[in-house]
Amino acid sequence: MRGAELSIILPTFKERGNVAELVRRLDAALTGIAWEAVFVDDNSPDGTHQAVKDIAQTDNRIRCIRRVGRRGLAGACIEGMLSSSAPFVAVMDADLQHDEKILPAMLAKLASGQADMVAATRYIAGGSAASFSGHRGRVSRAATWLTRRLTGTPLSDPMSGFFMMRRDRLEEIAPRLSPVGFKILLDIAATAGERLRIAEVPYVFGARGEGESKFSIQIGVEFLGLLLAKMTGDLVDPRFIYFAIVGTTGIAVHLAALKLALLLLPASPDPFQTAQIIATLVAMTSNFVLNNELTYRDRRLKGVAMLRGFLLFCVIGSVGVLANVDLASWLYTERSGWWVAGAAGAIMTALWNYAMATLFVWRAR
Ligand code: GDD
Ligand code: MN
């Protein structure tokens, strides 16, 4: 039997109720095409992977990658695409919101050599995102506008997670893609640059099947990080940007905790020192938790590993502070201006903390 011409990658998290219907719809839409579907499930607690594997037992076009200890839409899509040996790969949501009936038209544009990638879009004539709730629709339109302004991307719907492309082009750029966040299409287009010829096909964004959306504020912040990284031409790793954002919130947390402690502490010989120690601990804890949930979400620590990670994080942070003071004082005595010395110390600490945290606290498995 010949291999597939088209692999459809379907990232899932808690989509058990949609799997069977989705396979039925793909089967109906793709007659005459040699296709396979690869579900990439992040160990959903509702047993989505089991539902997929039950179908796979009777239909060898269906496969399932069950990922354990990892979370993230973009990373799931990348792994799914890299598992394919077909010349063309597509990515689409598994909750029935993406219209599978346009897949043949997308494939035709690739197969004829007109384009290297075909993006499905809600924002050209023939497409629509009317099924978004009023609030979510406004957020999506604003984010789309901002993204297009900032990145200059040719995509009319850069936030979409629905596209198809030549696998050879994907394989070239895969090592440079970010596994964090929701915005896989924008990342691919921005990373590949102008050499990637993009075509678009309109579709009507549908209503979700069973279950609920996994979109969240966190995903929004992650997206901002991706935008910044792409604007600096990948000079800055998005992970470092999240780390820096978290660090900045830490300053606000520190000051708030300091103020509160000063108000609440009983009169003592040196209330400021005690308050400053408390504020430092509060800020370290909040930084650790935010980094665990956001910056290193795909390597999130739990239980004992989290406790161990937290202690290590505090040690690294303390060394960072000492190094900061050291460097800044030295620069200052070498007659740098106070702000040059101060800023150099702070930047060095941020880089040190980031490097050490990535290497030792949240190390890649
Ligand atoms: N493997 C995996 N891991 N899959 C995930 C994860 C994850 O961490 N998070 C979400 N998914 C899967 C969902 O199960 C679904 O199949 C698909 O990714 C889209 O997730 P939704 O939770 O349904 O997202 P949405 O509908 O709110 O967001 C839509 O609009 C966004 C912005 O316009 C999607 O079309 C997104 O792709 C799009 O970026
Ligand atoms: Mn959805």
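Just so we're clear, the structure is a prediction, and the values are computed from it rather than from any experiment.

If you check the backbone angles, K14 has positive phi at about 55° while not being a glycine. Mapped onto the secondary structure, K14 falls in the loop between strand 1 (6-12) and helix 1 (19-29). The backbone of L96 sits at a positive phi, close to 75°, despite the residue not being glycine. Here L96 lies in the loop between strand 4 (88-91) and helix 4 (103-111). For L96, a relative accessible area of 12% translates into the label buried.

What follows deals with the packing of aromatic side chains. According to the stated counting rule, one finds 10 aromatic pairs in the structure shown. Aromatic pair F288 and F310: ring centres 5.3 Å apart, planes at 70°, arrangement edge-to-face. Of this pair, F288 sits in helix 10 (residues 271-295) while F310 sits in helix 11 (residues 303-333), and the two are 22 residues apart along the sequence. Look at Y296 and W362: their rings are 4.4 Å apart centre to centre, the planes differ by 5°, and that puts the pair in the stacked class.

This paragraph deals with the domain arrangement of the protein chain. Domains assigned within the protein chain are domain 1 (6-215) and domain 2 (238-361). For domain 1 versus domain 2, the distance between C-alpha centres works out to 38 Å. Taken together, the six residues of domain 1 in the interface contact five residues of domain 2. Remark: the boundary between domain 1 and domain 2 carries zero salt bridges. The interface formed by domain 1 and domain 2 includes zero residue pairs in polar contact (both at pLDDT 80 or more).

Summed over the entire model, instances satisfying the criterion amount to zero disulfides. For the unlinked cysteine C64, the closest cysteine sulfur is that of C77, found at 14 Å.

Within the structure shown, the criterion is met by one cavity of 30 Å³ or more. Roughly 40 Å³ of internal volume is contained in the largest cavity. Forming the walls of the largest cavity are P11, L73, C77, V91, D93, G161, F182 and I184. For the lining of the largest cavity, the per-class residue count stands at six nonpolar, one polar and one charged.

Here we come to the site of ligand 1. Close to ligand 1 lie 26 residues; E15, D93, M159, S213 and K214 are nearest. Here an oxygen atom of ligand 1 sits 2.9 Å away from a polar atom, N or O, in the side chain of R122. Between an oxygen atom of ligand 1 and a main-chain N or O atom of K214, the distance comes to 2.5 Å. Relative to its free-state accessible area of 740 Å², ligand 1 is covered by the protein chains to the extent of 98%. Sorting the residues of the shell around ligand 1 by element identifies strand 1 and helix 3 (73-82) as the ones contributing at least two each. Within the shell around ligand 1, the residues separate by chemical class into 10 nonpolar, six polar and 10 charged.

Interaxial distance between helix 11 and helix 12 (residues 338-361) falls to 8 Å at its minimum, and their mutual angle equals 155°. The angle between helix 11 and helix 12 falls in the class roughly antiparallel. Crossing geometry of helix 11 relative to helix 12 is assigned as right-handed. When its residues are assigned to classes, the contact of helix 11 with helix 12 shows 20 nonpolar, seven polar and no charged.

Turn by turn, an α-helix covers 3.6 residues, leaving residues three or four places apart pointing in a common direction. The terminal C-alpha atoms of helix 5 (residues 134-151), which comprises 18 residues, lie 26 Å apart, in line with the 26 Å expected from a rise of 1.5 Å per residue. What helix 5 keeps buried is the set G137, S140, A143, T144 and T147. Projection of helix 5 onto a plane perpendicular to its axis shows the buried side chains occupying an angular sector of 135°, all on one side. In helix 5, those exposed residues whose orientation departs by more than 90 degrees from the buried face are H135, R138, W145 and R149.

Here we come to the nonpolar core. Membership of the largest hydrophobic core comes to 38 residues, with the highest contact counts inside it found for I8, L10, L26, F39, L103 and M106. With five residues, helix 1 is the largest single contributor of residues to this core. Sequence-distant contacts of I8, defined by excluding residues within four places in its chain, comprise L26, L30, W35, E36, A37, V38, A90, M92 and L103. Ranked by size, the runner-up nonpolar core spans 24 residues in total, among them I78, L170, L185 and A192.

There is a patch of nonpolar side chains on the surface, built from W145, L146, L150, L224, L228 and M231 and spanning about 560 Å² of accessible area. Inspection of the secondary structure assignment puts W145 in helix 5.

Reading guide: rules and limits
In every chain, residue numbers begin from 1 and rise along the written sequence. The lettering of chains begins at A and the numbering of ligands begins at 1, in the order of writing. Owing to the predicted nature of the model, reporting of local features is limited to residues with pLDDT of at least 70; listing and counting of side-chain atom pairs is limited to 80 or more, with chain, interface and lining totals taken over all residues. Values reported for side chains reflect all heavy atoms of the structure, with hydrogen atoms and water molecules removed beforehand. Put simply, DSSP marks the helices as runs of H or I at least four residues long and the strands as runs of E at least two long, and each gets a number from the N terminus on. Three exposure classes are used, based on accessible area relative to the maximum for each residue type with a 1.4 Å probe and protein chains only: buried under 20%, partly exposed in between, and exposed over 50%. Any two of the Phe, Tyr and Trp rings considered here, Trp counted by its six-membered ring, make a pair once their centres fall within 6.5 Å; the pair's planes then place it as stacked at under 30 degrees, edge-to-face at over 60, or tilted in between. Segment limits for the domains were obtained from an automatic or database-derived domain assignment. In what follows, a contact means two residues having at least one pair of non-hydrogen atoms within 4.5 Å. Salt bridges are defined as contacts in which a side-chain nitrogen from Lys or Arg sits within 4 Å of a carboxyl oxygen from Asp or Glu. We define a polar contact as two N or O atoms separated by no more than 3.5 Å, with the added condition that, inside protein, one atom must be a possible hydrogen donor and the other a possible acceptor, whereas residues neighbouring each other in sequence contribute only through side-chain atom pairs. Two cysteine sulfurs form a disulfide in these notes if their separation is within 2.5 Å. Think of a 1 Å grid over the protein atoms and nothing else: a 1.4 Å probe that fits but is trapped marks a cavity, an open set flanked by protein within 12 Å on at least five of seven lines marks a pocket, and residues with an atom within 4 Å of a point count as lining. Grid points are joined across faces, edges and corners, and a volume is the space filled by probe spheres set on the points. Gly counts as polar in this scheme, as do all residues outside two lists: the nonpolar Ala, Val, Leu, Ile, Met, Phe, Trp, Tyr, Cys and Pro, and the charged Asp, Glu, Lys and Arg. For each residue, the test is whether any non-hydrogen atom lies within 4 Å of the molecule or strand; if one does, the residue is near. Here the accessible surface of atoms and residues is derived via Shrake-Rupley with a 1.4 Å probe, and residues count as covered only by protein chains that are part of the display. Here, axes are lines fitted to C-alpha atoms. For helices the fit covers the stretch in contact, and angles between N-to-C directions go from 0 to 180 degrees. By the definition adopted for this analysis, an angle is roughly parallel if under 35 degrees, roughly antiparallel if over 145, roughly perpendicular if from 65 to 115, and oblique otherwise. Handedness of each helix crossing follows the sense of rotation of the near helix against the far helix: counterclockwise by less than a right angle gives left-handed, clockwise gives right-handed. By this rule the span expected of a helix is its residue count minus one, scaled by 1.5 Å. Arc definition: directions from the helix axis to the C-beta atoms. Here, nonpolar core means buried Ala, Val, Leu, Ile, Met, Phe, Trp, Tyr and Cys residues that are tied together by side-chain atoms lying within 4.5 Å of each other. What makes a patch is a set of residues exposed beyond 30% relative accessible area and free of salt bridges, joined within 9 Å when like-charged and within 5 Å when nonpolar (Val, Leu, Ile, Met, Phe, Trp, Tyr).

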